[in-house]
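Examining the three-dimensional arrangement
Each chain is listed here by its residues.
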Amino acid sequence: MRVLAARLRTAAWLGWQIESNWAAPFLFVVYAVLRPLAMALILAGMYWAVASQAARREAFLGFYLANAFHAYVTQVMVGMGWVVVEEREDYETLKYVYTSPMGMLTYLGGRSTVKLVLATVSMVLALTVGWFVLGLRWDWASVAWVPLVSSFALGLVACVHLGFLVAGAAMLLPRVAITLNEALAVAFYLLCGVIFPIDLLPAGLRQLALVFPFTYWYEALRRFLLGHGASAQLEAWSDGALLGVLAATTVAFAMLSHWGYRAMERRARRLGRLDQTSLF
Amino acid sequence: MRPGEGLVHFLRAAYARAYVRMVGSFREPVWLITDAILPPVGMCAFVLLYRALGAPPSFEALAVLGGILSAFWINVLWGMGTQLYWEKQQGQLQLYFVSPVSRMAILTGMAVGGMLATTIRSLVGIALGFGLLGVRVPAFDVGMLALVFVVSMLALYALGMILSSAFLLFGREAWHVSNALQEPVYFMSGLYFPLRTLGASAWALAGIVPLGFGVDAMRQVLLGKDARGLAPVEVETAILAGLAVIFLIGARLALAHLERLSKQEGRLAQRWQ
Amino acid sequence: MVALAGVDVRIERGEIFGLLGPNGAGKTTFIKILTTLLFPTSGEARVVGFDVVRDSQEVRRRIGLVSGGESSGYGILTVRECLWMFAQYYGVPSRIAWPRADELIAVVGLEEQAHSRINRLSTGQRQRMNFARAFVSDPEVLFLDEPTLGMDVNAARKLREYVAHWVREREGRTVLLTTHYMAEAEQLCDRVAIIDRGQVLACDSTPALRRQVQGGQHVELEVRVAGPELDLVLLSGVHAVWGAPHPDRGTRALKFRLPPGEVLGEVLRRLESQQVQVDSVSTRETTLEDVFIAIVGRGLEDTEVPS
C-alpha cells in the first residue's frame, strides 16, 4: 500500500508540474478558470436573451448547475485521454511510463487527482458567479445533503473509471485520440441532458441517454440540491430508485471500463501503438 | 525573381501545404467522424436548451447558425493559430524558415486545406439543425449571405494569421491562451444569443473578434428583425471588410517582426519553448 | 553564454568543408547563423555572396539543410509526396519535382517505401528521407549538421559517397559539414576547421593539419591498471589520453604522441612504477584525432585533463 501511495503521489506531483508548467501562474489560472466561466456566461446570455419571453427560471437554474458539474466529465474523464496524448505525442514518455513498475492505471489515477482539483475549482467558480453575479440561487435549507454527497461521490467514481476507458481508447487509436477526446466531451454534453431535459431528445437517443451514469448524476444533483430535476420522465422516479440506478450504472461502467481498458491496452501493445505519434 | 514568379511560387507553396490537410482528411476517414460529425452535436444541445426554455423558434435557428460558424473559429484557432507551434514541435518549422517559401503562403495553404473538414462540419451542422431537429428559417437572400460569409471569413482567417505569429514568440504560453479562447470568444461574439443582449458592451465585444459582426450580420440576412441585430447588415459588412484589410497587413508585419525576434533569441527551432 | 567567439572562416565554392568539434563546441550555432535561423550578435556572415541578415531570402533560395537525428515530416504523406511538397516550397515546378523526388528516393535506398506513409517508416528510414529532402531544390550550398548521426554504418557510408559525388558532379556546389566523427571528416572534407568552446582553433586541409603534429610516434598501448588512478603526464611533453575500454579483456587503450628523441622504454618504465601492466604496444600514422588531441588538449569524447 505504501508503494502504491508513493507512486500515486509521484504521478499527482508530475500532473501538477505539467498542468502549471511553461505558463505564468496568471495564465494558468486563466486557462483553468476562463473556459468553464465563459461556458457559464454563454448559457446565461442565452437565458437573458429569452428571459422576457419565457419564464423557466427554475429549469434554467438546473441546467446551469449541471453545466457546472460537467467540468468533472471534461477535466477528469476526457482529461485522462489527454494525459495519454500528451505523454505519447508531446513528451514521448508514454513508453517509459508503461514499461516502468508503476503501471499505467496507477499513473493515470495519480494524474487524475490534479484534474479533479481543477474541475472542482471550475465548478465552484461557476456556481459562485451564478450565485453572486447572475442571481441564480437556491434554498440551502431544502438541500438533501446525504443523497447529494452520495450522488456526487458516485459521479466522481464514474468520471475516473470512464476516464480509464478513454485513456485506453487514446492508447489504441493514436491518430484519432485528440479529436476523440473533444468529441466525447461534446457527446456526453448532449446525451446526458446537461442543459436540457433528456425528454427533448429523439426517441433513440433518449434510450441511449438512459444507459449512461451521468444522465442520472445530473438529475440527482439537481433534485437533491434544488429540490427538482429537469426530466419529466425521471421526475417520476423515487430518490432511492434514482440513486440506485446511478450506483448500478456507475458500477457497471466501472467494470466495463476496467475490462475495456485492459483489452485496448493489450491490443495497443500488440499493434505497437504505445510509442506511435500521429504526425499529421 | 521575374515578375509573376513570386505569385506562382506563393500559389505553389500554398497548394502544397493545403495538400497535406486535404489528403489527411481522406486518408484517415475516422477523422471525418470525430472532427466533422461529432462536434456539431454540441450545437444541438444549445438548440434544445432554447426549446427547453420555451424560446421562439428564431432562437433555435440562431443557435444552429452559431454552431455552424463555431467550426470556422475552431479552424482559425487550431488549424492556423496554433499550427506553426505544432510545426515547431514536430521539427518542421525550422525547415520552413530555412526555405524561401512565404510564411503567408504556408498559412494560406493551411487555411484553404482546413476548409474541407470545416465545410463538412458545417454541412453536418445544417443537416442536424435543419434536418434532425426541424429548425426552420424564412426565405432569405442567398447572394447577400454568401457575400457576408466570404468577408467574414477573410477577416477571421487574417486574424488567424496574426495568432500564428503569437505562437512563434510565446510558444506554449500562447497555446494555453488559445485553448482558453474558444468559449470566451463564443460568448463575446454572441455565437448562441443576440449580441444586443449584452447591452452597451456588445459593440466593444463584437469588435474584438470579427466573428461577432459576421455572426450578427449573417443572422440578420437569415432571420430579419427576429435576429435582433446590433447594426444594419451593410454597416457590419463594411466593418468586416475593413478589419480584413487591417488584419492581413497586420499579419504580414507580425510574422516578419516575430520571426526576427525569434531569431534574435534563438528560439525558433526549439521544441517546448 | 557565448556559443561562438570570433569565428573567422572562409569556405571556397566547390569545397567540402568540415567543422569538427565535441558536443557544445558551437557547430550547430554556426550552421544556424549561416542558414538564417539565428542572428549573430556581432560580425558578418555571407553565403554565396549574400548577407545572412540583410539578404536572408536570397540565401534561402540557394541552400539546403539536413540536421542529424531529424525525425520531422508529415506522417500522413508518403515519402514521395513529402519530397514533392518541399520542392514546392523552393519553387520547383511539379514536372521537375516528381522525377527529382524519384531519383533521390533511389539514391537513399527508399524505393520500396516511396509510397509508404512517413509515420510508418523506421527512424533510420525517416532520417534518409530527410537527407534526400535537402537535395530536392538542387541547392548551391548544402549544410549538413551531423547528417549521419544515429545511422547504421552502411547507410552512413552510402550517404557520404553520395555527398562526395554530388559536389563533384557540378561545379560550384559546396558543402559545410559538421560532425564529431573523425573518420567522416577525414574521408569527406577538403578542409577541416577544429572548433572547441566557440573558437576555431585550426583550419586547414587534413594533410596540412597532420603535418602540424607530425614528428615522433603515435603510440597506443593496451593497459591494465592495478594501482591508484594513473597520472596521465607520462613524461615531460607526453600527455596521454584514455581510449576505448575492452571489457572482455579487462584492459583499456592509452594513447599518446612520443616526441622525437624520446624513448618508449622510459614511458613503459614510468607506467610500470604506477602499477600499470602493458599488454600490447602499437604505433601508427598521425590521424585527425591526433591532431584534435594535440590542438584541443583532449579527445573528442574525453573530459578535460587537469593541468
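This text goes with the structure placed above it.
Everything quoted here is computed from the prediction, not taken from an experiment. Position labels on residues start from 1 in each chain and follow its written sequence. For naming, the first written chain is A and the first written ligand is 1, with later ones following in the order written. Local features in this predicted model are restricted to residues of pLDDT 70 or higher, and side-chain atom pairs are both shown and tallied only at a pLDDT of 80 or more, whereas totals for entire chains, interfaces and linings draw on every residue.

Examining the overall build of chain C
Here a helix means four or more residues in a row that DSSP labels H or I, a strand means two or more in a row labelled E, and each is numbered from the N terminus. Summing up its helical and strand segments, chain C has 10 helices and 14 strands in all. If you line up chain C on its principal axes, its C-alpha atoms span 70 × 45 × 35 Å. Within chain C, the fraction of its 307 residues that count as buried is 41%. Placing a C-beta atom from the backbone of each residue, one calls two residues in contact when those atoms lie within 7 Å. Within chain C, contacts between residues at least 6 apart in sequence are counted, and of these 71% link residues at least 24 apart. Three classes are used. A residue is buried when 20 or more other C-beta atoms lie within 10 Å of its own, exposed when 12 or fewer do, and partly exposed in between, with C-beta atoms placed from the backbone.

Side note on the overall build of chain A
Scanning chain A from N- to C-terminus turns up 11 helices and zero strands. Along the chain direction, N to C, the helices and strands of chain A fall in the order α-α-α-α-α-α-α-α-α-α-α. Within chain A, the fraction of its 280 residues that count as buried is 49%. Residue pairs in contact within chain A that sit at least 24 positions apart in sequence constitute 83% of those at least 6 positions apart.

Here's the deal with the packing of helix α5 (residues 104–132) of chain A against helix α6 (residues 145–172) of chain A
Residues and elements named next belong to chain A. Axes, fitted as lines to C-alpha atoms, cover a helix only where it is in contact. Angles between the N-to-C directions of the axes lie from 0 to 180 degrees. α6 packs onto α5 with a crossing angle of 125 degrees between their chain directions and a minimal axis gap of 11 Å. On the basis of their axis angle, the class for α5 and α6 is oblique. Relative to α6, α5 is oriented so that their crossing is right-handed. On α6, the residues touching Leu105, Leu108 and Ser112 of α5 are Val160, Gly163, Phe164 and Ala167. Each residue receives one of three labels: charged for Asp, Glu, Lys and Arg, nonpolar for Ala, Val, Leu, Ile, Met, Phe, Trp, Tyr, Cys and Pro, and polar for the others, Gly being one of them. Partitioned by chemical class, the residues of the contact of α5 with α6 number five nonpolar, two polar and no charged. In what follows, roughly perpendicular refers to angles from 65 to 115 degrees, roughly parallel to angles under 35, roughly antiparallel to angles over 145, and oblique to any angle outside these ranges. Note: crossing handedness is left-handed where the near helix turns anticlockwise from the far helix by less than a right angle, and right-handed where it turns clockwise.

Let's talk about the packing of helix α9 (residues 213–226) of chain A against helix α11 (residues 239–270) of chain A
Packed helices, taken two at a time, are described by the angle their axes make and the gap between the axes. All names here are of chain A. Here α9 crosses α11 at 145 degrees, and the two axes come no closer than 9 Å. Pair α9 / α11 crosses with left-handed handedness. The segment α9 lies against α11, with Pro213, Tyr216, Trp217, Glu219, Ala220 and Arg223 engaging Leu242, Leu243, Val245, Leu246, Thr249, Thr250 and Phe253. For the contact of α9 with α11, a count of residues per class yields nine nonpolar, two polar and two charged.

Here we look at the sheet that holds strand β4 (residues 63–67) of chain C
Residues and elements named next belong to chain C. Paired strands, as defined in this entry, are two strands with at least two bridges between them according to DSSP. Pairing within the open sheet is mixed, and its six strands lie in the order β4-β5-β6-β1-β7-β8. Single-partner strands in this sheet number two, and they are β4 and β8 (199–204). The mean angle between the axes of side-by-side strands here comes to 15 degrees, regardless of whether they run parallel or antiparallel. Strand direction decides the pairing type here: strand β1 (residues 16–20) and strand β6 (residues 174–179), joined by five bridges, are parallel. Note that in β6 the partner of Leu20 across the bridge is Thr179. Here helix α10 (residues 288–296) sits on the sheet and contacts β1, β7 (191–196) and β8; the angle it forms with β7, its principal contact strand, is near 40 degrees.

Observations concerning the environment of Val225 of chain C
All names here are of chain C. Along the polypeptide, Val225 turns up in strand β9 (residues 217–225). Linking Val225 and Thr41, residues 184 residues apart in sequence, is a C-alpha distance of 48 Å. In contact with Val225, other than residues within four places in its own chain, are Leu230 and Val276.

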